[in-house]
Each structure stands twice: as C-alpha cells, then as structure tokens.
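Descriptive structure summary
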Amino acid sequence: MVIMIKVDNVTKTYGKGENLFTALYKVSLEIPTASTNAIVGKSGSGKSTLMHIMSGLDHPSSGEVIIDGKALGEFKPKQMDAFRAEEMSFIFQAFFIEANQTCYQNVMLPLEIARVPKRDRAKKVKAALTAVGLEDKIDSLANNLSGGQKQRLAIARAIVNKPKIIFADEPTGNLDSATGEMIIKLLFDLNKKLKCTLVVVTHDPEIAEHCKNKIEMKDGEIISTTGIKHKRLGK
Ligand SMILES: Nc1ncnc2c1ncn2[C@@H]1O[C@H](COP(=O)(O)OP(=O)(O)O)[C@@H](O)[C@H]1O
Ligand SMILES: [Mg+2]
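So, a few notes on the structure that sits alongside this text. Here the residue numbers are simple positions, counted from 1 along each chain's written sequence. Written order decides the labels, with chains lettered from A and ligands numbered from 1. Reporting of local features is limited, given that this is a predicted model, to residues whose pLDDT is at least 70; pairs of side-chain atoms are given and counted only at 80 or more, and all residues count toward the totals for whole chains, interfaces and linings. Water and hydrogen atoms play no part in the side-chain values, which are based on all heavy atoms of the structure.

1. Describing helix α1 (residues 47-54)
For an α-helix the count is 3.6 residues per turn, leaving residues at separations of three or four pointing the same way. Extensive coverage of α1 is indicated by the burial of 6 of its 8 residues. Here a helix means four or more residues in a row that DSSP labels H or I, a strand means two or more in a row labelled E, and each is numbered from the N terminus. Positive backbone phi, approximately 75°, marks Gly56, located one or two places after α1. When a residue's accessible area, from a 1.4 Å probe over protein chains only, is under 20% of the maximum for its type it is buried; when over 50% it is exposed; and in between it is partly exposed.

2. What to know about the packing of helix α4 (residues 118-131) against helix α5 (residues 147-159)
Where α4 meets α5, the closest approach of the two axes is 8 Å, and the angle between their N-to-C directions is 135°. When the axes of α4 and α5 are compared, the pair comes out oblique. Here α4 runs over α5; the crossing is right-handed. When α4 is examined against α5, the residues Ala128, Leu129 and Ala131 are found in contact with a partner set consisting of Leu153, Ala156 and Ile159. Throughout, an axis means a line fitted to C-alpha atoms (over the contacting stretch in the case of helices), and angles, computed between N-to-C directions, take values from 0 to 180 degrees. Roughly parallel refers to an angle under 35 degrees, roughly antiparallel to one over 145, roughly perpendicular to one between 65 and 115, and oblique to any angle outside these ranges. By the definition used in this description, the sense in which the near helix is turned from the far one sets the handedness, with an anticlockwise turn below a right angle giving left-handed and a clockwise turn giving right-handed. For this analysis, residues touch if any pair of their heavy atoms sits within 4.5 Å.

3. A word on the site of ligand 1
In the vicinity of ligand 1, the residues found are Tyr14, Phe21, Ala23, Lys42, Ser43, Gly44, Ser45, Gly46, Lys47, Ser48 and Thr49. At 3.2 Å, a backbone N or O of Ser45 approaches an oxygen atom of ligand 1. Interatomic distance of 2.9 Å between a side-chain N/O atom of Ser48 and an oxygen atom of ligand 1. Calculation on ligand 1 without its partners gives an accessible area of 560 Å², and the protein chains cover 58% of this total. Residues are counted as near a molecule or strand when any one of their heavy atoms sits within 4 Å of it. Residues adjacent in sequence count toward polar contacts only when both atoms are side-chain atoms; beyond that, a polar contact is any pair of N or O atoms within 3.5 Å, and within protein one must be able to donate a hydrogen and the other to accept it. Under the convention used here, a 1.4 Å probe and the Shrake-Rupley method define accessible areas, while residue burial counts only the protein chains that appear.

4. Let's talk about the packing of aromatic side chains
In this scheme Phe, Tyr and Trp rings, the latter by its six-membered ring, pair at centre separations within 6.5 Å, and the angle between planes marks the pair as stacked below 30 degrees, edge-to-face above 60, and tilted otherwise. Throughout the structure, instances matching the rule amount to 2 aromatic pairs. On the basis of an interplanar angle of 40° and a centroid distance of 4.9 Å, the ring pair of Phe75 and Phe83 is categorised as tilted. Residues Phe90 and Phe167 carry aromatic rings whose centres are separated by 5.7 Å and whose planes lie at 15° to one another, so their mutual orientation is stacked. Highlighted residues: Phe90 in strand β6 (residues 88-91) and Phe167 in strand β7 (residues 165-169), separated in sequence by 77 residues. By relative accessible area, which is 1% here, Phe167 ends up buried.

5. Considering the sheet that holds strand β8 (residues 197-201)
Pairing between strands is defined by DSSP: at least two bridges between them are needed. Overall, mixed pairing links the 6 strands, which are arranged β6-β7-β8-β3-β9-β10 in an open sheet. Looking along the sheet, the strands with just one partner apiece sit at the ends: β6 and β10 (221-226). This sheet shows a mean twist of 15° between the axes of neighbouring strands, independent of strand direction. Two elements, strand β3 (residues 36-40) and strand β9 (residues 213-218), share 4 bridges in a ladder whose sense is parallel. Bridging across to β9, Asn37 finds its partner in Asn213. Along the sheet face, α1 touches β3, β7, β8 and β9 and points at about 155° away from the line of β7. Across the sheet, helix α6 (residues 177-194) is in contact with β3, β6, β7 and β8; its angle to β8 comes to roughly 155°.

Just geometry here; none of it tells us what the structure is for.
Put into structure tokens, the structure is as follows:
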C-alpha cells in the first residue's frame with residue numbers, strides 16, 4: 001500500500017495565553033494512494049482545520065505533513081504553491097468561481113497557475129467540462145449557471161490538471177439532494193478514472209458510506225477510523 005498523505009503528530013493551536021485554543025491535538029493518520037476518505041464529526045471538531053493543514057493551506061503548530069513523499073514544512077512558499085498547483089485541488093462549499101468569467105476562463109485558471117503550456121490548455125479545459133457534463137456551457141458566464149452547474153464547474157476546475165489528490169470540504173452542503181447525489185457520483189467516478197485520492201469532509205452519512213475509509217473527529221482528535229489505521233495519543 002502506497003501512502004499519499006501522512007499526517008504525523010500534528011497539533012494546531014489558535015490564539016495565545018488565555019485565548020489559546022487547540023483545534024487539533026496530536027493527530028496522526030495515513031491515507032493510501034487512490035483511496036476514498038470521509039472526514040466526519042460535529043461542527044467545530046476540527047475537520048476543516050485538518051484538511052487545510054493536510055493540503056498545505058495552513059501550517060501545523062507542531063508535527064508534520066508528508067504528501068507523496070515530500071514534507072510540506074520544508075517547502076518555501078513559492079515551492080508550496082507550485083506543488084499544490086501540480087498535485088492537489090480543492091472543492092469548497094462556497095464555490096469560489098469567478099461569476100463574471102466564462103466556464104472556459106474559470107476552468108483554465110489552474111492551468112495558468114501550474115504554467116501548463118498555452119497550446120495544451122484548450123483541450124484540457126474541454127475534457128474537464130465534458131467530464132462534468134458542461135461542454136455546451138463552455139462560453140457561458142458562470143453567473144448564469146444553476147447551483148448544481150456551478151458546483152460541477154468547480155469540479156471541472158478541480159480536475160482539469162489531473163490532480164493526485166482532491167480535497168472537498170462539504171461539497172454538497174448547499175445543494176438540493178438530487179444535485180448533491182450527482183456531484184458525489186461524479187467525485188467517485190473521478191476517483192476511479194483518474195486514480196486520484198479523494199478526501200471529503202462531510203455531514204452526509206451517505207457520502208461517508210460511499211468512502212472506503214472513514215475518519216471520525218471529536219474535539220480536535222481522531223476518535224475512530226474505519227479502513228485505515230490511526231494512532232491516538234490522548235490528552
Ligand atoms: N482562525 C481561527 N482562529 C481561532 N479559532 C479557529 C480558527 N479556525 C478554526 N478555529 C476553531 O477551531 C475549531 C475547529 O474548527 P474547524 O476545523 O473549522 O471545525 P469543523 O470543520 O469540524 O467544523 C472550532 O472551534 C473553530 O472555532
Ligand atoms: Mg468545516
């Protein structure tokens with residue numbers, strides 16, 4: 001089993017002195033390559049914090065994250081940006097799409113950031129939009145899409161550069177259930193097709209059931225896992 005993400009004894013605190021708050025406490029975890037993983041737990045349990053730290057969006061107060069064999073802490077900021085652009089992508093509850101740009105422009109953005117040669121871009125954008133069923137919207141403004149289509153656009157943007165890891169934080173949180181189901185099916189199809197590692201923070205038990213591995217958090221700790229091993233050191 002090859003490990004894609006290794007979280008080693010990660011603690012994250014916010015604030016100082018009396019206001020010191022421990023959002024993650026000595027979390028260790030190994031996520032295998034090409035696996036599907038659900039992070040579950042009550043609001044405030046540290047799910048988003050863990051995901052931000054795993055993806056290098058935020059830094060641990062102590063401990064280490066190793067992705068694809070590389071320790072994130074050793075990267076300089078620019079190297080980190082490049083690594084993230086090449087290997088990972090993100091889908092958030094709030095879509096973060098550019099409303100006044102076309103679908104084409106939205107999906108192109110990660111390729112620009114990753115400095116993919118210009119001549120290769122159009123083909124990749126078309127393939128990603130086709131994968132999410134938005135090929136006929138390529139020149140439409142993102143603003144004119146429905147909620148479900150916007151989320152599909154966010155997914156097209158997330159997959160256009162064939163990431164090794166897709167992080168999704170409550171990807172169906174503000175969608176109706178039928179649209180949510182379609183998005184989930186899409187994410188799992190992509191996991192199969194692209195062999196990308198999927199990490200999903202979710203409240204939805206059905207999504208969690210679909211995932212091979214489950215990681216349950218409470219008060220900044222992993223309290224149980226199914227499918228993968230974790231170490232709990234205890235407070
Ligand atoms: N930037 C921050 N400053 C202070 N506290 C924070 C910050 N970000 C998150 N927290 C706190 O850390 C805890 C975990 O937050 P979060 O990871 O967002 O939980 P979840 O995603 O499980 O709802 C919460 O109590 C939250 O208030
Ligand atoms: Mg959250």
